[in-house]
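Each chain, written out:
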Amino acid sequence: YTVTTGRMPIQNQQTGETEAQMFYMAYTLDGVSDKAKRPLTFSFNGGPGSSSVWLHLGALGPKRVKMQDDGMMPAPPYELVVNEHTWLDQTDLVFIDPVGTGFSRATRPELAAKFLNLNGDLDSVGEFIRLYLTRNERWTSPLFLVGESYGTTRASGLSGLLFERGIAFNGIMLISTVMNFQTLRFAEGNDLPLILILPSYTATAWYHKKLPADLK
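Remember, predicted model here, so these are calculated numbers, not experimental data.

(A) Inspection of the overall build of the protein at higher detail. In terms of regular secondary structure, the protein is built from five helices and nine strands. When the helices and strands of the protein are read in sequence order from the N terminus, they spell out β-β-β-α-β-β-β-β-α-α-β-α-β-α. Residues counted as buried form 38% of the 216 residues belonging to the protein. The contacts of the protein with a sequence gap of at least 6 include a subset with a gap of at least 24, amounting to 67%.

(B) View of the side chain of Arg138. Within the secondary structure, Arg138 sits in the loop between α3 (118-135) and β8 (143-148). For Arg138, the residues in contact, after removing those within four places along its chain, are Thr28, Lys35, Arg38, Pro39, Leu40, Asp92, Leu133 and Leu143.

(C) Summary view of the nonpolar core. Judged by nonpolar contacts, the single largest core of 30 residues is most densely connected at Phe42, Val94, Ile96, Phe128, Ile129, Tyr132 and Leu158. At the level of secondary structure, the elements contributing two or more residues to this core comprise β1 (2-11), β2 (18-28), β3 (40-44), β6 (92-96), α3, β8 and α4 (150-163). Among the elements that make up this core, the one with the highest residue count is α3 (seven residues). Filtering out sequence-adjacent residues up to four positions away, Phe42 remains in contact with Val94, Ile96, Phe128, Ile129, Tyr132, Leu133, Phe144, Leu145 and Val146. Judged by nonpolar contacts, the second largest core, of seven residues, contains Leu55, Leu88, Phe95 and Val146.

(D) Quick peek at the packing of aromatic side chains. Summed over the entire model, instances satisfying the criterion amount to eight aromatic pairs. Each residue in the set Tyr24, Phe42, Phe128 and Tyr132 is aromatic and connected to the rest through ring pairs, giving one cluster. Here the guanidinium or amino end of Arg154 rests over the ring plane of Phe44, the centre of that ring lying 5.1 Å away.

(E) Helix α5 (residues 192-207), seen in detail. With 16 residues, α5 extends 24 Å between its outermost C-alpha atoms, agreeing within 8% with the 22 Å of an ideal straight helix rising 1.5 Å per residue. Where α5 bends most, the angle comes to about 30°, and this point is Leu198, followed within four residues by the proline Pro199. Two residues or fewer past α5, Lys209 is found with a positive phi of approximately 60°.

Rules and cut-offs
- Residues numbered from 1 in each chain as written.
- Predicted model: local features only at pLDDT ≥ 70, side-chain atom pairs only at ≥ 80, totals over all residues.
- Heavy atoms only, no water.
- Helix = DSSP H or I, 4+ residues; strand = E, 2+ residues; numbered from the N terminus.
- Buried < 20%, exposed > 50% of the residue type's maximum accessible area, 1.4 Å probe, protein only.
- Contact = heavy atoms within 4.5 Å.
- Core = buried A, V, L, I, M, F, W, Y, C linked by side-chain atoms within 4.5 Å.
- Phe/Tyr/Trp six-rings, centres within 6.5 Å; stacked < 30°, edge-to-face > 60°.
- Lys NZ or Arg CZ within 6 Å of the ring centre and 35° of its normal.
- Expected span 1.5 Å × (residues − 1).
- Bend = angle between axes of the 7 residues up to and from the residue.

Right, dumping it as structure tokens:
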């Protein structure tokens, strides 16, 4: 496979000024005869305020950080190993760092606030995707989004925003989904998270054989 890193310039549509540079890492499979039929997946984590490093080096990329069998951090020195569960055998992968995360920054400090809000985030990530498809001639590829945590909120917003701009996706994958933040805000007077987390606790207890016989 080929790895490409870079910064995509995000310009003001009225003035043409470059207002931000968005960093990305892309993995494309070598030896593909027809890129038009090769799926392409854009990936980002959540936060808000997180780069794409977690899905990149923890789950989807061709290499991952080596962890202990129980998922805990090993003793140093740390190392990268081949990720036997990478998605690269199914789709090319583009890991996007939204403005303010990773190496993505506004070109001037006073412009940062333009991107650090719901609509500014959607507009800039959407513009990145449009530019990537254009510069790499991938408009006809089957397109997918994968987001984690707040990235699922972003993916949902992007699906509508980009459809209006002529970019439709073949599928969206949501990891640790957050569509309604009340469902996970453990606060006095909000019982909803307690109700919704019970099935996850129960499934976890079942997996570890901690449930009594009458609940299995």
